[in-house]
Amino acid sequence: MQAIRIIDIEKSYPLKKGKTEALKGLRFDVEEGELFGLIGPDGAGKSTLFRILTTLILADKGEASVNGLDVVKDFMKIRRQVGYMPGKFSLYTDLTVEENLNFFATIFNTTVKENYHLIRNIYEQIEPFKHFRAGKLSGGMKQKLALSCALIHRPKTLFLDEPTTGVDALSRKEFWELLRSLRAEGITIMVSTPYMDEASLCDRVALIQSGKVMQIDTPEGLRNTYGKRLFAVKGPDMLHTLQRFRKMPAVEQAYPFGEVLHVVLRKDAPPFRMPEDVEASEIAPDIEDCFISLMHEHE
Amino acid sequence: MNEYVITAENLTKSFGDFTAVDRISFEVRRGEIFGFLGANGAGKTTAMRMFCGLILPSSGKASIGGFDVYRETEAIKRNIGYMSQRFSLYDDLTVQENINFYAGIYGMSRKAIREKSAPLLKQLGLEAERNALVGSLPLGWKQKLSFSVAIFHEPKIVFLDEPTGGVDPITRREFWQMIYEASDRDITVFVTTHYMDEAEYCHRVSVMVDGRIEALDTPGGLKKSHGAASMNEVFLQLARKAKRKGD
């Protein structure tokens, strides 16, 4: 069964002059038990989609369902079954860590004890601070508390809106290990992130830009459908090397990628000979290469 | 050329019995792109605030652009630029109004602002948007404008605090192109980021752990000394040593 169905969803927000189209017709499904990633920059429409699926706002057009329930007709039922961690910290800052957790357990008619096993790994890290007010916590600890509160009623489906934004590389890694363990519990997870390297940790991802889905696939599938030749190039002077490759007719794009340049050849490229004064090797694309290539095609 | 524009010697900041920044020492050269990394809670923000003249150190020495961090904080503020993802431009002012506002704060004359605005807008491709509200611009444009505004008064040093968070991968790279151009004009760039590929773009990188600078070298040097294939690996190795769970 599909845990989430999204059928031609559109949403725009009024501006002083005209309107901004946040979602321009999205259509895809998320399977039960999937760890599904929405990958895209700020302004892509990720948060808007989360708000529609968690029944906080209405779409202008289209239909959507969560756990088989319609987001308009069955909104009260959906709210009991989902956990939602918004991008902006939204717990009660004047309640303590412990009070927040008890509060969320109580409104969902359960107790902290009943589902403690789900949150133990996260909650143990903030337990020493359980008498602190939530507003006094640092960013990373707020995030752990918010996830604990979103999980305490054992939701069937979990929505996490940019849980790792602004978080350091080590904490991000730990956070993803946690998501994998929740997935093993059978919870469907939809998670958004602007960090492309996190895409490879999902079962499937949707690459989103300007309110549209550019591609949906497994991380492996994305890489396999890339369809262009890609080289990692190292030259003596990177800036100069970059400019040189950009001028070559066979080169579609050249851009820095960590310590090397990535050089993408056109699909219909004339025969290409790599200059001999650079170190170059043909490589498989990263998800970020896929995203850049899709952005280029959609422009 | 080894002209230092940032020097720190045993610089320390304590809050009560908590030592946020613990005797850090380093120098940054003129025109250098210096990556200032560390886990959340390692002390980066506190250190940055001392360098920007916003808080006074507890002990140690530091000078920023030749000005002392204890006695000359106002001179420091006039001689640096600052940009972060969180604090940048005013959405309800136009592009030109934002430029006027920031340049005015830094004491530039109206004439100078006028003369420099036109080429800047042209270079950014924002001539048609001069009188548009900044809030109506796409995020990528805003970030680039924000950086240009931060160096509009030609500061000696610009501090960038996670400048590229949430930006698409193409814009992120265009942004780094601008950083390189600023560095070419001898503006020193002091930057924090959570994108480890961006750490590779820096001339030198320091990694803070528990308030101390645990490693400092070129990206290549750090990878070599840590037997790591990427800066991400270097970072993970160092950050795992942290005892304090400040984040």
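All of these numbers come straight from a predicted model, not from anything done at the bench.

1. Looking at the pairing of strand E7 (residues 157–161) of chain B
Residues and elements named next belong to chain B.
Now for step 1: Of all 5 residues in E7, 5 are buried; the element is thus mostly enclosed.
Now for step 2: Of the two faces of E7, the one lined by Ile-157, Phe-159 and Asp-161 and the one lined by Val-158 and Leu-160 are each fully buried.
Now for step 3: Two strands pair when backbone bridges link them, and strand E6 (residues 80–84) and E7 are joined in this way by 5 bridges, in the parallel orientation. Opposite Ile-80, over in E7, you have Ile-157 as the bridge partner.
Now for step 4: With 5 bridges connecting them, E7 and strand E8 (residues 188–192) associate as parallel partners. The residue bridging Ile-157 from the neighbouring strand is Thr-188, located in E8.

2. Focus on the sheet that holds strand E3 (residues 35–39) of chain A
All names here are of chain A.
Now for step 1: Strands sit in the order E6-E7-E8-E3-E9-E10 across an open sheet of 6 strands; the sheet is mixed. The open sheet has two edge strands, strand E6 (82–85) and strand E10 (212–217), and neither has a second partner. Neighbour to neighbour, the strand axes of the sheet diverge by 15 degrees on average, direction disregarded.
Now for step 2: Pairing between strand E7 (residues 157–161) and strand E8 (residues 188–193): 5 bridges, direction parallel. Paired with Asp-161 across the bridge in E8 is Ser-192.

3. Focus: a nonpolar patch on the surface
Now for step 1: Together, Tyr92(A), Phe103(A) and Ile107(A) give the surface a local cluster of nonpolar side chains, amounting to about 280 Å² of exposed area.
Now for step 2: Following the sequence through the fold, Phe103(A) ends up in helix H3 (residues 97–107).

4. Description of the packing of aromatic side chains
Now for step 1: The full count for this structure, using the stated rule, is 22 aromatic pairs over all chains.
Now for step 2: Ring centres 6.3 Å apart and planes at 45 degrees place the aromatic pair Phe231(A) and Phe272(A) in the tilted group. Linking Phe231(A) in strand E11 (residues 230–234) with Phe272(A) in the loop between strand E13 (260–265) and strand E14 (279–282), this pair joins segments that are 41 residues apart in sequence.
Now for step 3: Residue Phe231(A) is classed as buried on the basis of its relative accessible area of 9%.
Now for step 4: By the ring-pair criterion, three or more aromatic residues cluster together here, those being Phe26(B), Phe34(B), Phe36(B), Phe51(B), Phe159(B) and Phe190(B).
Now for step 5: The ring of Phe89(A) has Lys142(A) sitting right over it, with the charged end atom 5.3 Å from the ring centre.
Now for step 6: One cation-aromatic arrangement involves Lys116(B) over Phe152(B); the distance from NZ or CZ to the ring centre is 4.9 Å.

5. Let's talk about the layout of surface pockets
Now for step 1: Empty space within the second largest pocket amounts to approximately 740 Å³.
Now for step 2: Lining the second largest pocket are 29 residues; nearest its centre among them are Arg172(A), Asp197(A), Met196(B), Asp197(B) and Asn232(B).
Now for step 3: Every element with two or more residues in the lining of the second largest pocket is listed here: helix H6 (169–184) and E13 of chain A together with helix H7 (196–199) and helix H9 (231–239) of chain B.
Now for step 4: The element best represented in the lining of the second largest pocket is H6(A), accounting for 5 residues.
Now for step 5: Among the residues making up the lining of the second largest pocket, the classes are represented as 12 nonpolar, 6 polar and 11 charged.
Now for step 6: Inspection of the lining of the second largest pocket shows a minimum of three residues originating in each of domain 1 (2–218) and domain 2 (226–298) of chain A.

6. Observations regarding the domain arrangement of chain A
All names here are of chain A.
Now for step 1: Segmenting chain A into domains produces domain 1 (2–218) and domain 2 (226–298).
Now for step 2: Each of domain 1 and domain 2 has a C-alpha centre, and the two are 36 Å apart.
Now for step 3: Of the residues lining the interface, 11 residues belong to domain 1; the matching set on domain 2 comes to 6 residues.
Now for step 4: Buried surface at the junction of domain 1 and domain 2, both sides included, amounts to about 800 Å², of which 83% is carbon and sulfur.
Now for step 5: Considering only the side of domain 1, the residues that lose the most area to domain 2 are Met-196, Leu-207 and Met-214, jointly responsible for 65% of the buried surface there.
Now for step 6: At the junction of domain 1 with domain 2, the criterion picks out 0 salt bridges.

7. Remarks on the sheet that holds E7(B)
Residue and element names in this part refer to chain B.
Now for step 1: In space, the 6 strands of this open sheet follow the order E6-E7-E8-E3-E9-E10, with mixed pairing throughout. Edge positions in the sheet fall to E6 and strand E10 (212–217), since each has one partner strand and no second. Averaged over neighbouring strand pairs, the angle between their axes works out to 15 degrees when direction is ignored.
Now for step 2: Of the strands in this sheet, E6 and E7 are in contact with helix H5 (residues 139–150), which crosses E6 at around 160 degrees.

8. Here's the deal with the interface of chain A and chain B
Now for step 1: On the chain B side, the residues contacting the 32 residues of chain A number 30 residues.
Now for step 2: Sorting the residues of chain A by area buried against chain B places Asp42(A), Asp168(A) and Leu170(A) first, and these three jointly supply 20% of that buried surface.
Now for step 3: Inspection of the chain A/chain B interface yields 3 salt bridges.
Now for step 4: Across the pair Lys223(B) and Glu259(A) runs a salt bridge whose closest N-O atoms are separated by 2.7 Å.
Now for step 5: Joining chain A to chain B, the criterion identifies 10 residue pairs in polar contact (both at pLDDT 80 or more).
Now for step 6: At the level of secondary structure, the elements contributing two or more residues to the side of chain A that touches chain B comprise helix H5 (139–151), H6, helix H8 (238–246), strand E12 (251–257) and helix H9 (287–298) of chain A.
Now for step 7: Among the elements that make up the side of chain A that touches chain B, the one with the highest residue count is H6(A) (6 residues).
Now for step 8: For the side of chain A that touches chain B, the per-class residue count stands at 16 nonpolar, 7 polar and 9 charged.

Cut-offs used in this document
- Residues numbered from 1 in each chain as written.
- Chains lettered and ligands numbered in written order.
- Predicted model: local features only at pLDDT ≥ 70, side-chain atom pairs only at ≥ 80, totals over all residues.
- Heavy atoms only, no water.
- Buried < 20%, exposed > 50% of the residue type's maximum accessible area, 1.4 Å probe, protein only.
- Helix = DSSP H or I, 4+ residues; strand = E, 2+ residues; numbered from the N terminus.
- Pairing = 2+ DSSP bridges.
- Axes fitted to C-alpha atoms, helices over the stretch in contact; angles between N-to-C directions.
- Patch = residues over 30% accessible without salt bridge, like charges linked within 9 Å, V, L, I, M, F, W, Y side chains within 5 Å.
- Areas by Shrake-Rupley, 256 points an atom, 1.4 Å probe, with all protein chains shown as cover.
- Salt bridge = Lys/Arg side-chain N within 4 Å of Asp/Glu carboxyl O.
- Phe/Tyr/Trp six-rings, centres within 6.5 Å; stacked < 30°, edge-to-face > 60°.
- Lys NZ or Arg CZ within 6 Å of the ring centre and 35° of its normal.
- 1 Å grid on protein atoms, 1.4 Å probe; cavity = no way out; pocket = protein on both sides within 12 Å on 5 of 7 lines; lining within 4 Å.
- Points joined across faces, edges and corners; volume = space filled by probe spheres on them.
- Nonpolar A, V, L, I, M, F, W, Y, C, P; charged D, E, K, R; others polar.
- Domains from an automatic or database assignment.
- Contact = heavy atoms within 4.5 Å.
- Buried area = accessible area lost by both parts, 1.4 Å probe.
- Polar contact = N/O pair within 3.5 Å; in protein donor to acceptor, adjacent residues only side chain to side chain.

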